[in-house]
2 protein chains.
Amino acid sequence: MNAEIIAVGSEMLTPDKVDTNSLYITRELNTLGIEVVAKCIIGDDRARLTEAIRAAWKNSGLVILTGGLGPTEDDITRDAAAAALDVGMTPNPAAWDAILNRFQKFGRTPTENNRRQMLILDGAEMLLNPNGTAPGQWFHRDGRVLVLLPGPPRELKPMMQADIIPRLIAMLPPQVIRTRWYRVALMGESDLDQLIAPIYSKFTNPATTILAAPGDVDIHLRARCETAEEAEALLAEVGDPIRELIGDKIYSENGDSLEQVIGKLLRAKGQSVAVAESLTGGMLGQQITAVSGASDYFKGGFLTYTDEMKHQLLGVPEGTEAVSEAAALAMAQGARERTGADYALSVTGFADGDQAGHVYVGLATAGDVHARKLKLSGDRLRVRTLTVLNALDWLRRSLL
Amino acid sequence: MNAEIIAVGSEMLTPDKVDTNSLYITRELNTLGIEVVAKCIIGDDRARLTEAIRAAWKNSGLVILTGGLGPTEDDITRDAAAAALDVGMTPNPAAWDAILNRFQKFGRTPTENNRRQMLILDGAEMLLNPNGTAPGQWFHRDGRVLVLLPGPPRELKPMMQADIIPRLIAMLPPQVIRTRWYRVALMGESDLDQLIAPIYSKFTNPATTILAAPGDVDIHLRARCETAEEAEALLAEVGDPIRELIGDKIYSENGDSLEQVIGKLLRAKGQSVAVAESLTGGMLGQQITAVSGASDYFKGGFLTYTDEMKHQLLGVPEGTEAVSEAAALAMAQGARERTGADYALSVTGFADGDQAGHVYVGLATAGDVHARKLKLSGDRLRVRTLTVLNALDWLRRSLL
């Protein structure tokens, strides 16, 4: 079964508006094995929308419309769907009761316009909307389905979960879905893909999705089978060799972020970490403390943006070059001594200018202090982001 | 003139892919006064795409297609456009020369497939692509325009600027565009809108756009007129009363970020700032140092995530409640003394748990130290983000 998604409303056609509903719906449908083959956003133009629905209905077994179900003249989805399907509409008393109840709950009275919202396509099921006045609709004819859902995500998503997905599952051949998830630090997307594509590209089941941010790549495997055993076997067939190839660059198999992984490792050992940041100016500390409860293992840190501060706050010897191995070593050691943390990470480098991307990261532990030189490329934000990832991943490996 | 945008390619229909090209194109077209009334993403299905192009061409004066211009069988845009417009295609020697040159430059030889890329719709202008092999096309018939552009943003954007916008401007009545930009800290979007909507909503020219992030709202005014004088007069008519209403909550009128504004103020005065962060764990320092050259005025700071660190690193008296006015005052003063900065900001509070959003911010200056209590709502990230904004805006006001 293929699907098309149509979002309705001129407000969806501004330069800053992303139709996140369609992304959410696509993810849910893909999980069921339904492919989205087209999606559109149509402004408030009844004729244009009718035409778009007609084309989608002709081409695809599932058409999902979002938005345009409000009470005003501009809310054209019901009318356009009725015209495209060539069916009438009938007021639905249960829909009207729900609208009345919702208004009463907020001490208000519906207007005459709200009566439009109880109109249901002849032959469609009315779907109650627990978070808004616009009911949804499920229209099923000759094995094809057209769905109307309200536009606000907090109304749409619960209805998708409660009403649409179960009905679709009932229509589809029985299947079980199993997933694996690898998060990988510090490999470029193309390098990683080159490494693992020879494995996963031979399989359409499990489906493999790769999501990349700078220095951080997520690999999702999704197997669909008739039984859980088959699905797990397929995941092992593809996932095990991928895991072997990437090795300990995989920092998480359950979706945890790098800072969550580090937090769990530190907490399990009853150990703590501190930071000394120049280049990143607080980004490293901020990332470690993005996790709730980080005070259990994050002692604190130093932002030493000038030579004077490196010397004064961390005891980096005067005359030490600000961006050097010696500075990174002294910063890490200084931070560890001054906070009493078990581990201290340090960072110094250039984010822009001639030497942009020339970075040192230091790590001090009970008996030892080391520094590493990094050559990073990209703009200021990217250099700082990659530096933080390098520092955190080094700490993770030390904790293993 | 109304426009429709069609992106081509199944890879655009995954759950994580946002069609950023269409957002970029929409912004550019809106600036010219062209409204986008529909946009679609169509997978690799020739018949479906042909039908979509036909519908768009019938409905709108401008149709822009992006992607699907590569050399493979899957690249169906050329064929579908020819079928929809009912025109033939002819190999274009200049397009082929450009393809050959590009391959030579990289020491490679084009394949037989690349010959597809020189096919130009009969009646269309070929548009050279300086950053890729796929040429663009401009097809103009009876006052209607169909445009083919390559999908990669780094190819599409330069062609949009060099080839498409100038041709569109030549078709449109002459006009001048003038803009104003207000950036506002620490007002909710709806509060702000309630305040200024009575002014701007009476005008369609200038067009007013409001973009909101937590605690940070941008107001754009865009006037389109025949002369610059008229445009400036309209901007003054709407912009001046808005500026008056919002007052010094406007931190920038040129697009500068809050940290850029603070950086310029500090540099102009030859003064410096330091930070002492608990709750935000480095986010405040990170934001200040997001600006290139921040070492001119950012001395450094302390991340004191535990009572012990607040005492040891900043001299906060033992027994001081970690989240309290006294702590914020002592942290700010401690940071100022230990760094020698002219200003020191401090932050302590709860990002989650029962008391989430209960926050103190401190500011120490030459003669004085103050603290403010904030009651913020939202999740961990939002509380931390709003805390940083409050601290930075307080510093900005102190610097004025």
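Residues numbered from 1 in each chain as written. Chains lettered and ligands numbered in written order. Predicted model: local features only at pLDDT ≥ 70, side-chain atom pairs only at ≥ 80, totals over all residues.

A. Region of interest: the overall build of chain A. When helices and strands are counted, chain A shows twelve helices and 17 strands. Relative to the 2.2 N^0.38 estimate, which gives 21 Å for 400 residues, the radius of gyration of chain A is 28 Å and therefore markedly larger than a compact globule would have. Once the C-alpha set of chain A is aligned to its principal axes, its extents read approximately 85 × 50 × 40 Å. Per-residue burial for chain A yields a buried fraction of 47% across its 400 residues. The contacts of chain A with a sequence gap of at least 6 include a subset with a gap of at least 24, amounting to 65%. (Helix = DSSP H or I, 4+ residues; strand = E, 2+ residues; numbered from the N terminus. Rg over C-alpha atoms; globule rule 2.2 N^0.38 Å. Buried ≥ 20, exposed ≤ 12 C-beta atoms within 10 Å, placed from the backbone. Contact = placed C-beta atoms within 7 Å.)

B. Region of interest: the relation of the copies chain B and chain A. When chain B is brought onto chain A, the operation consists of a screw motion whose angular component is 180° and whose axial shift is 0.2 Å, with 0.2 Å RMSD remaining. In the structure described here, the two chain copies are related by an operation that fits a two-fold rotation axis. Of all interface residues in chain B, 100% are interface residues in chain A too; the two copies therefore contact each other through one and the same surface. (Least-squares fit on C-alpha atoms with pLDDT ≥ 70 in both.)

C. Structural detail: the domain arrangement of chain A. All names here are of chain A. On domain assignment, one finds that chain A holds domain 1 (2–171), domain 2 (176–252) and domain 3 (258–399). On the domain 3 side, the residues contacting the eight residues of domain 2 number ten residues. Its residues placed into classes, the side of domain 2 that touches domain 3 shows four nonpolar, two polar and two charged. (Domains from an automatic or database assignment. Nonpolar A, V, L, I, M, F, W, Y, C, P; charged D, E, K, R; others polar.)

D. Geometry of the sheet that holds strand E9 (residues 176–185) of chain A. All names here are of chain A. Ordered in space as E10-E11-E9-E12, the four strands form an open sheet in which the pairing is antiparallel. In the strand order of this sheet, the two ends are held by strand E10 (207–213) and strand E12 (250–252), each with one partner. Mean inter-strand twist for the sheet, computed between neighbouring axes without regard to direction, equals 30°. Two elements, E10 and strand E11 (residues 216–225), share seven bridges in a ladder whose sense is antiparallel. (Pairing = 2+ DSSP bridges. Axes fitted to C-alpha atoms, helices over the stretch in contact; angles between N-to-C directions.)

E. Main features of the sheet that holds strand E15 (residues 343–349) of chain A. Pairing within the open sheet is mixed, and its ten strands lie in the order E17(A)-E16(A)-E15(A)-E13(A)-E14(A)-E14(B)-E13(B)-E15(B)-E16(B)-E17(B). Of all strands in the sheet, those with a lone pairing partner are strand E17 (369–375) of chain A together with strand E17 (369–375) of chain B, marking the two edges. Taken pair by pair, the neighbouring strands of this sheet meet at an average axis angle of 15°, ignoring direction.

F. Spotlight on the pairing of E9 of chain A. Pairing analysis gives ten bridges linking E9 of chain A to E11 of chain A, with the strands arranged antiparallel. Along E11 of chain A, the bridge assignment pairs arginine 178 of chain A with alanine 223 of chain A.

G. Local environment of helix H10 (residues 307–314) of chain B. Of the residues making up H10 of chain B, those classed as buried are Met309, Lys310, Leu313 and Leu314 of chain B. The arc enclosing the buried residues of H10 of chain B, seen along the axis, measures out at 105°, which places them on a common side. At its buried positions, H10 of chain B is contacted by strand E14 (298–304) and helix H11 (325–339) of chain A together with strand E13 (273–277), strand E14 (298–304) and helix H11 (325–339) of chain B. (Arc of directions from axis to C-beta.)

H. Spotlight on the packing of helix H2 (residues 46–59) of chain B against helix H3 (residues 77–85) of chain B. Residues and elements named next belong to chain B. For the pair H2 and H3, interaxial distance at closest approach is 8 Å and the crossing angle is 50°. On the basis of their axis angle, the class for H2 and H3 is oblique. Along this stretch, H2 crosses H3, giving a crossing that reads as right-handed. Across the interface between the two elements, Arg46, Leu49, Thr50, Ile53, Arg54 and Trp57 from H2 touch Asp79, Ala80, Ala81, Ala83, Ala84 and Leu85 from H3. (Parallel < 35°, antiparallel > 145°, perpendicular 65-115°, else oblique. Left-handed = near helix turned anticlockwise from the far one by under 90°.)

I. Representation of the interface of chain B and chain A. The interface of chain B with chain A comprises 49 residues on the first partner and 50 residues on the second. Of all elements in the fold, only helix H1 (20–31), strand E2 (35–42), H2, helix H9 (283–288), E14 and H10 of chain B reach the threshold of two or more residues within the side of chain B that touches chain A. By residue class, the composition of the side of chain B that touches chain A is 22 nonpolar, 18 polar and nine charged. Bridge analysis of strand E2 (residues 35–42) of chain A against E2 of chain B gives five bridges, and the strand direction is antiparallel. Within E2 of chain B, the position partnered with alanine 38 of chain A by the bridge is isoleucine 42 of chain B.

J. How the structure looks around the pairing of E17 of chain A. Where strand E16 (residues 358–364) of chain A lies against E17 of chain A, seven bridges are found, and the strand directions are antiparallel. From the neighbouring strand, valine 361 of chain A faces E17 of chain A, where its bridge partner is arginine 372 of chain A.

K. Examining unusual backbone geometry more closely. Residues and elements named next belong to chain A. Residues asparagine 205 and proline 206 are joined by a peptide bond in cis, for which omega reads 5°. Among the secondary structure elements, proline 206 is positioned in the loop between helix H6 (189–200) and E10. In this structure, aspartate 86 takes a positive phi of about 60° despite not being glycine. Structurally, aspartate 86 can be placed in the loop between helix H3 (77–85) and strand E4 (89–91). Of note, aspartate 142 is a non-glycine position whose phi angle comes to about 55°, a positive value. Note that aspartate 142 resides in the loop between strand E7 (136–141) and strand E8 (144–149).

L. Quick peek at the nonpolar core. Counting residues in each nonpolar core, the largest one holds 128 residues, and the members touching the most others are Val273, Ala344 and Leu345 of chain A together with Val273, Ala344 and Leu345 of chain B. Excluding residues that lie within four positions of it along the chain, alanine 344 of chain B makes contacts with Val273, Ala274, Val275, Ala276, Ala332, Ala335, Arg336, Thr339 and Ala364 of chain B. Formed by 110 residues, the second largest nonpolar core is a distinct cluster that contains Met12, Val37 and Cys40 of chain A together with Ala52 of chain B. (Core = buried A, V, L, I, M, F, W, Y, C linked by C-beta atoms within 7 Å.)

M. Fine view of helix H12 (residues 380–399) of chain B. Between the first and last C-alpha of H12 of chain B there are 29 Å, a value that for 20 residues agrees with the 28 Å anticipated at 1.5 Å per step. Taken together, the buried positions of H12 of chain B are occupied by Val383, Arg384, Thr385, Leu386, Thr387, Val388, Leu389, Asn390, Ala391, Leu392, Asp393 and Leu395 of chain B. (Expected span 1.5 Å × (residues − 1).)

N. Layout of the environment of tyrosine 182 of chain B. Residue and element names in this part refer to chain B. Tracing the backbone through its elements, the reader meets tyrosine 182 in strand E9 (residues 176–185). A tally of 21 C-beta atoms within 10 Å means that tyrosine 182 is categorised as buried. In the structure, tyrosine 182 is positioned 36 residues away from aspartate 218 in sequence and 5.8 Å away in space, judged by C-alpha atoms. Excluding anything up to four places from it in sequence, tyrosine 182 contacts Ile219, Ile242, Arg243, Ile246, Ile250 and Glu253.

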